[in-house]
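# Architecture at a glance
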Amino acid sequence: MGAMMPGMRTEIRNRLLLCIDALQLMLPQGDVCAVESVVDLQSQDDIAPAIGRITYLGQSWPVLSLDGELQALAAMPASRRACVMLATGKGFLGLLCDDVRVLNQQAGTDYALPVAMRAGHTPVQAIMPFEDGLACLSDARHLLQYGAFAQVTSTHTAH
């Protein structure tokens, strides 16, 4: 992809790849507390944008279903198979994914977002060539401050 530009970093670390529709989202492995099965999702009435709750560490936590643009969905697509649990500082929040993979010692170059992609409050911090396309890099801190994540973490608590 050419010469190193300002804002690019080369790192080797474990990451999790979350697949949501066509989105490939990489998070540091330490940002995901657990991966649960969607079979354990309780679809009881919950306050939107959460679509249900899942039990983790003996308590029930809200779960989000998002599309590939990280916008909240009102229902769970049939393709969602896993629920990653993110620590919020006050508890946990589940995020439904089509697939989750551990990428051991993923080496590669992170590229700063192009100016056109730097929309206000995007949780995506960088992009990285991955397999036949690009992966978006983020972390739990940036995700939890974004859109539906921020809305759920400010209104939901454990049951």
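Now for a quick tour of the structure.

Thresholds, definitions, all that
Residues numbered from 1 in each chain as written. Predicted model: local features only at pLDDT ≥ 70, side-chain atom pairs only at ≥ 80, totals over all residues. Heavy atoms only, no water. Helix = DSSP H or I, 4+ residues; strand = E, 2+ residues; numbered from the N terminus. Buried < 20%, exposed > 50% of the residue type's maximum accessible area, 1.4 Å probe, protein only. Contact = heavy atoms within 4.5 Å. Areas by Shrake-Rupley, 256 points an atom, 1.4 Å probe, with all protein chains shown as cover. Lys, Arg positive; Asp, Glu negative; His and termini not counted. Salt bridge = Lys/Arg side-chain N within 4 Å of Asp/Glu carboxyl O. Polar contact = N/O pair within 3.5 Å; in protein donor to acceptor, adjacent residues only side chain to side chain. Pairing = 2+ DSSP bridges. Axes fitted to C-alpha atoms, helices over the stretch in contact; angles between N-to-C directions.

In this section: the overall build of the protein. What the protein contains, in helices and strands, is 2 helices and 10 strands. Put simply, the protein runs from its N terminus to its C terminus through helices and strands in the order β-β-β-β-β-β-β-β-β-β-α-α. Within the span of the protein, comprising 159 residues, buried residues form 47% of the whole. Within the protein, contacts between residues separated by at least 24 positions form 58% of all contacts whose residues are at least 6 apart in sequence. Accessible area of the protein: about 8,100 Å², with a carbon and sulfur share of 54%.

A word on the environment of Leu 113. Residue position: Leu 113 is located in the loop between β8 (99-112) and β9 (126-130). As a C-alpha pair, Leu 113 and Ala 126 span 13 residues in sequence and 5.1 Å in three-dimensional space. Ignoring anything within four residues of it in the chain, the contact list for Leu 113 reads Arg 118, Thr 122, Val 124, Gln 125, Ala 126 and Ile 127.

On to the side chain of Asp 139. Along the chain, Asp 139 turns up in the loop between β10 (133-137) and α1 (140-144). It is Arg 141 that comes nearest to the buried, bridge-free Asp 139 among opposite-charge side chains, at 4.8 Å. Reaching out from Asp 139, the side chain makes a polar contact with the side chain of His 142 at a distance of 2.8 Å. The residues touching Asp 139, leaving out its near neighbours within four places in the chain, are Leu 27, Pro 28 and Asp 31.

Okay, the sheet that holds strand β6 (residues 82-87) next. Read across the open sheet, the 5 strands follow the order β3-β6-β7-β5-β4; overall the sheet is mixed. Only two strands of the sheet have a single neighbouring strand rather than two, namely β3 (32-37) and β4 (52-56). Each neighbouring strand pair of the sheet contributes to a mean axis angle of 35°, computed without reference to strand direction. Of the strand pairs in this sheet, strand β5 (residues 59-64) and strand β7 (residues 92-97) are connected by 2 bridges, and their pairing is parallel. Opposite Val 63, over in β7, you have Gly 94 as the bridge partner.

For the rest of this paragraph, the subject is the environment of Gly 133. Structurally, the position occupied by Gly 133 is in strand β10. When its relative accessible area of 30% is taken as the criterion, Gly 133 is described as partly exposed. Separated by 109 residues in the primary sequence, Gly 133 and Gln 24 have C-alpha atoms spaced 8.9 Å apart.

As a further point, take the pairing of strand β2 (residues 23-28). A large share of β2 lies buried, amounting to 6 of its 6 residues. What you see with β2 is no split at all: Leu 23, Leu 25 and Leu 27 on one side and Gln 24, Met 26 and Pro 28 on the other are buried throughout. Sheet topology places β2 next to β10; 2 bridges connect them, and they run parallel. Bridging from a neighbouring strand, Leu 25 pairs with Cys 136 of β10.

Shape is all these values report; function is a separate question.
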